[in-house]
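# Chains, contacts and geometry: an overview
Chain by chain, the residues:
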Amino acid sequence: MSSYQPWCHGNITRSKAEDLLSKAARDGSFLIRDSESIQGAYALCVLYQNCVYTYRILPNEDKKLSVQASEGVPIRFFSMLPELVEAYYSPNMGLVTHLQYPVQREEEVDEEPESNILPPQLPPRNFDVKDSEQPCKNLSDTFLMRLQNMDLSTIPEEHQMAIQDYFRNLVCSDAEHLQNGHPYLPGLKKLTQAICKNLNSEISRILPALEVFHRVLDQQLSPGIGQFSKQVGGTLDPLQLEQLTKLLYSIEDKVKYRALLVFFNLQVKQDSLGISTKMFLKVDVESGKLYFKKSKDGPEDKYFVHNKILQLVKSQKLLGKLHIMVETEKEKILRKEFVFDNTKKREGFCQLLQQMKNKHSEKPEPDMITVFIGTWNMGNAGPPHNFNSWFQCKGQGKTRDDTADHIPHDFYVIGTQEDPLGEREWADTVKGVLRNITNISFKQVAIHTLWSIRIVVLAKPEHDNRISHIFTDSVKTGIANTLGNKGAVGVSFMFNGTSFGFVNSHLTSGSEKKLRRNQNYTSILRFLNLTDKKLNPFDITHQFTHLFWFGDLNYRVEFPSGEAENIVAKIKQQQYQELLSRDQLSMERNDGKVFLHFDEEEITFAPTYRFERDTREKYAYTKAKATGTKYNLPSWCDRVLRKSYPLVHVVCQAYGCTNDIMTSDHSPLFASFEVGVASQFVSKQGPNSAPQGGIQIMNCVATLLTKSKTKFFIEYHSSCLEKTVKTSEGENIEHSEGSIKVRFSNQVKLIPIISDPEYLLDQHILICIKSTDSDESYGEGCVALRAAQFCHTEFHITLTHHGEKTGTLTGGIQLDTSEGKTTEKLYDFIKIERDDTVTTKGKGADLNNLYDSAEREKEALQTDPFFPRGEGEKVSEMFDNPLYGSMGKAHGWGKAQDHQQKDHLPPQVPIFTTFKAAEGDPDRPPLPTPRNRSYTCSETKPQPPTPIALYPSTHKKPVVPSRSEGGVAQNRPPLPSKSRPGVPEPQTTKPRDYRDSSELPSKQRPPARPGQPLPHKDSKENSCSSHGKTY
């Protein structure tokens, strides 16, 4: 529209429109906003009897506007919105009431312009062609002049002449070819053939030797390196030259990598019968062996192969202790206890063992990867010569052990702000640093820049074919949302069957600009477009399995400026908790205003802003400005947050900042995550070999925080469904002040494209509540199908829209799948032992409220013959622990999962996978025994478990294990036992297994089926508990 109209509010949210109309509090009050469901359409919102009625204004092919009003009212078309509004001031136009009082727009607070808001200048051109009539001659002269200034003493004379001839006579013709759209450069081809005429025969001679050398270094044969045909003479084969180059680089990388990761020796103490003795553990990643030695240079005759190392169990009470479960040649399970010097040494050892298991895994596709997240406000200054510590997670906070220095992540995601470098220069710099650290040439997945805000995503070359659906986008949030000095850039992609989203943002600065930063966050969340249109109703917090949001968020600590010296003193004493209690981001998150249901690892490092440059010893908290002295109190401006779907594996391994990179007034921030991923599923069954499965959702009741007077329906979205499924219209059963309750009584059956349980248990259903009048979303949520793995399960999830809580949804979900079994995940290799002394500090859900399966598990452990217990000795419980299991306040299954993953059954007890040697050949490597998942269900009709809120109140923080707890572990979990097939065992002495509470099965025991009687006569009725992997 050409003129300003007070009732036109642009792209404000639906909830904001309702708030404005509620404040007006007069029947006939109205405003017009942009439609959230149809681009180019509008929504006319009218207040009547304290309810908001919404009517869509749709354009036709001729861009004429019409209102979708009551049936029976003739449709009228208007050229302009003011003309339409004027007409609907008249009564009887099909609205609930005629328009009377326009609601004015809220005045936006003007931002103070910053000094450096100019967009970055483009880099200079390589050639300054002054004479436009003779560009070719200038190009030739430029190259010849450069050639004269170079040392040519090592180049044969004939090659010198060939190069000079090319620049003098042929470079111009090549340039003309390019200008005319031809991709070929005949002059350059002629030059390379002349220089390389003797190279072809040499390549054919040396390639076989290099290939053999490469195969020796590589554990698996490289599919790209085959037998090369011998050609003598003739023209150079470009393919051979490319293969030679790749082969040489690959050999160099492998030799360096093997030299760095041949083996590691770690000194530990072994506990045996209460006696502590010194031991050395040697990890040989390449051969897949773990050696136990009594001295550093002692014999290496006692070792276990990777597939005989069944489980690592970390003690939670004594953070340096580790239990290693191994299988002997006689198929006995041994439990070995070791105490490391500190927690970091233990975590580094666990990571080496995990890498060894991953390397020698027989799985064709990974189910776990590691992701590095880095964010750095560079302060418009280039990086120092050496900034390796950033990518090695070295410095303050939760850091990695030295043994993990050269273990590469699968992905490196680097976000920068106030970045003065060009895209290519920065990307090449980062690649070079990673190559020096890991000896791997990482591949660039994506790079995107908004002014000086940049995001780069690099991946291991081996993942190239697993990455797809790459999207990039940016949002400006500078002055009037038109300048890109503040805003966000984002990248998303699919890794096999798992979606990832990454957002790097630079929000408004200034301690007093907290509300503006909140607005920045909402704008980015609404308008950053990182997917196709299939998930249009959902914002980016629901579009990805894993979403990582990081950057210079600019939230400060709220203290008077006079407290600056006291703040610095507390930082020097590492007394961070009092400062963090006044951290603006934490307070806004607790109030549900920003980053709803996101998680952040515990902060154990000093504020990353504002330092004096070239030192990390002094904070520069004052800044002279024309208006007076401005205070920038030391604050945690730079942050990394994450949000994942329910019941997925994600663990923070490191979170901290460097202390040796000092070119900026910000310190670089690093975070490292272990993330579970799903493979592109290939069914083991034929398409018609099994009955079609189904997902049943029933008894849904939504409570929506809205004053809208309308009807609602539900949409179900998922990649496991062929199409979006819509329910019929729900019944509005209650309508109180500011909320409405809607019942959807019809049972909905969703038909998945694949009914195999191994596929379905990795899937999620996205739920969207929509209105029938405007087809706009009133709330979105997510349910994990793993929640209904064994029986009907009640769920209770929080609905959000545009980052705000908009209501709740309760209901039931049940899976009907074909028969099948699920495979164990690699990240199940490492667990944490839960000590009874910290029973109330469960990880994720409250472990005191677990189903009776936990009680049955205790009974099983107490009867284990391997560890007889004294009187009063309690049984330790086991629950899932991710690899880097430092138990921070927001760790892994901590706050994030606690907030968003309680629509599911409780964590299950871990399974110890057993192995058997290949029959008839003792030298062949052991083969994994097929593992049948078992579960139990009472014969009586099960009552649904008590609904657990998926997103509990943000005012009540979950209790999680503390990383600072120490002491000596007193409890010993019993060893799992194995029985030999075909050998009957007395009922009274039959050992128990961690995997379930039934009697120990033989190796070939078939899986239990639903409805099977409970094995313990004192087990509680009305239970439906699952036993299997822990997630």
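Note that the structure is predicted; figures quoted are calculated from it, not measured.

## Quick word on the overall build of the protein chain
- If you tally the helices and strands in the protein chain, you get 18 helices and 42 strands.
- For the protein chain, the proportion of its 1031 residues judged to be buried stands at 54%.

## A closer look at the sheet that holds strand 3 (residues 51–59)
- One open sheet holds the five strands; their spatial order is 4-3-2-1-5, and the pairing between them is mixed. Lying at the two open borders of the sheet, with one neighbouring strand each, are strand 4 (65–67) and strand 5 (101–102).
- The sheet contact formed by strand 2 (residues 42–48) and strand 3 spans seven bridges and is antiparallel. Bridging across to strand 3, V46 finds its partner in Y53.

## Examining helix 8 (residues 343–359)
- In this model helix 8 runs 24 Å from its N-terminal to its C-terminal C-alpha over 17 residues, within 8% of the 24 Å that 1.5 Å per residue would give.
- The buried count for helix 8 comes to 12 of 17 residues, which makes it a mostly enclosed element.
- For helix 8, every residue scored as buried is listed here: R346, E347, G348, F349, C350, Q351, L352, L353, Q354, Q355, M356 and K357.
- Among the residues of helix 8, the N-terminal cap falls to N342, whose side-chain oxygen and the backbone nitrogen of K345 are separated by 2.8 Å.

## Re the sheet that holds strand 18 (residues 467–476)
- Taken together, the five strands give an open sheet; going across it, the order is 18-19-20-21-24, and neighbouring strands pair in mixed fashion. The sheet is open, and its two edges are formed by strand 18 and strand 24 (638–644), each paired on a single side. Strand-to-strand twist across the sheet, computed as the mean angle between neighbouring axes with direction ignored, equals 15°.
- Across nine bridges, the pairing between strand 19 (residues 487–495) and strand 20 (residues 498–506) is antiparallel. Within strand 20, the position partnered with V489 by the bridge is N504.
- Each of strand 18, strand 19, strand 20 and strand 21 (546–552) is contacted by helix 11 (residues 514–527), which is oriented at about 140° to strand 18, the strand it contacts most.

## Quick word on the packing of aromatic side chains
- According to the stated counting rule, one finds 33 aromatic pairs in the structure shown.
- For the ring pair F411 and F495, a centre distance of 5.6 Å and an interplane angle of 80° mean the geometry is edge-to-face. Of the two residues, F411 sits in strand 15 (residues 411–417) while F495 sits in strand 19, which places them 84 residues apart along the sequence.
- Taking the centre distance of 5.0 Å and the plane angle of 80° together, the rings of F712 and Y778 count as edge-to-face. Remark: Y778 occurs in strand 34 (residues 777–784) and F712 occurs in strand 28 (residues 712–717); sequence separation between them is 66 residues.
- On the basis of relative accessibility, which here comes to 1%, the residue Y778 falls in the buried class.
- Following the ring pairs from residue to residue traces out a cluster consisting of F372, W376, F387, W390, F391, Y412, W426 and F442.
- Over the ring of Y303 we find K289, and its NZ or CZ is 4.6 Å from the ring centre.
- Here R517 stacks its cationic end above the ring of Y555, 5.2 Å away from the centre of that ring.

## A short note on the nonpolar core
- In this structure, V371, I373, F411, F493, F500, F502 and F673 are the most contacted members of the largest nonpolar core, which totals 48 residues.
- Formed by 31 residues, the second largest nonpolar core is a distinct cluster that contains F744, L785, A788 and I813.

## Digging into the pairing of strand 21
- Counting buried positions over the seven residues of strand 21 gives seven, a clear majority of the element.
- Bridge analysis of strand 20 against strand 21 gives seven bridges, and the strand direction is parallel. If you follow G501 over to strand 21, its bridge partner there is L547.
- The pairing of strand 21 with strand 24 spans seven bridges and is classified as antiparallel.

## Description of the pairing of strand 34
- Taking burial as the measure, the eight residues of strand 34 include eight buried ones, the bulk of the element.
- Across seven bridges, the pairing between strand 33 (residues 764–771) and strand 34 is antiparallel. Residue pairing for strand 34: L766 is matched across the bridge by C782.
- Linking two consecutive strands that pair antiparallel, namely strand 33 and strand 34, is a turn of five residues; a positive phi of about 55° is found at D775 within it.

## Examining the pattern of salt bridges
- In the structure shown here, the tally under the stated rule is 32 salt bridges.
- Note that E715 is salt-bridged to K726, the shortest N-O span being 3.7 Å. Of this pair, E715 sits in strand 28 while K726 sits in strand 29 (residues 725–726), and the two are 11 residues apart along the sequence.
- A residue is classified by how much of its surface remains accessible, and K726, at 54% relative accessible area, is exposed.
- It is possible to trace a salt-bridge network through shared partners that takes in K514, E558, R582 and E588.

## A look at the environment of K296
- Relative to the helices and strands, K296 is located in the loop between strand 8 (289–293) and strand 9 (303–305).
- Note on K296: relative accessible area 49%, which makes it partly exposed.
- Once the C-alpha coordinates of K296 and M279 are considered, the two residues, 17 residues apart in sequence, prove to be 8.3 Å apart.
- Ignoring any residue separated from it by four or fewer positions in sequence, one finds K296 in contact with N265 and F280.

## Re the side chain of S492
- Within the secondary structure, S492 sits in strand 19.
- A polar atom in the side chain of S492 sits 2.5 Å from the backbone oxygen of L530.

## Observations regarding the environment of L84
- With respect to the secondary-structure elements, L84 resides in helix 2 (residues 81–87).
- In the structure, L84 is positioned 18 residues away from S66 in sequence and 7.9 Å away in space, judged by C-alpha atoms.

## Side note on the environment of L319
- With respect to the element layout, L319 can be found in the loop between strand 10 (309–315) and strand 11 (321–327).
- Note: C-alpha distance between L319 and N342 (23 residues apart in sequence) is 7.3 Å.

## Things to note about the confidence of the model for the protein chain
- Across the protein chain, the average pLDDT comes to 76, with 70% of residues at 70 or higher.
- Considering only residues more than four positions removed or in separate chains, one finds that residues 836–1031, a stretch of pLDDT under 50, has 479 contacts.

## Here we look at unusual backbone geometry
- Geometrically, the link from Y609 to R610 is a cis peptide bond, its omega value of 5° lying close to zero.
- Note that R610 resides in the loop between helix 15 (584–590) and strand 22 (622–625).
- Notably, Q49 is not glycine yet its phi reads approximately 50°, a positive angle.
- Within the secondary structure layout, Q49 lies in the loop between strand 2 and strand 3.

How each quantity is defined
Residues numbered from 1 in each chain as written. Predicted model: local features only at pLDDT ≥ 70, side-chain atom pairs only at ≥ 80, totals over all residues. Heavy atoms only, no water. Helix = DSSP H or I, 4+ residues; strand = E, 2+ residues; numbered from the N terminus. Buried < 20%, exposed > 50% of the residue type's maximum accessible area, 1.4 Å probe, protein only. Pairing = 2+ DSSP bridges. Expected span 1.5 Å × (residues − 1). Polar contact = N/O pair within 3.5 Å; in protein donor to acceptor, adjacent residues only side chain to side chain. Axes fitted to C-alpha atoms, helices over the stretch in contact; angles between N-to-C directions. Contact = heavy atoms within 4.5 Å. Phe/Tyr/Trp six-rings, centres within 6.5 Å; stacked < 30°, edge-to-face > 60°. Lys NZ or Arg CZ within 6 Å of the ring centre and 35° of its normal. Core = buried A, V, L, I, M, F, W, Y, C linked by side-chain atoms within 4.5 Å. Salt bridge = Lys/Arg side-chain N within 4 Å of Asp/Glu carboxyl O. pLDDT = per-residue confidence, 0-100.

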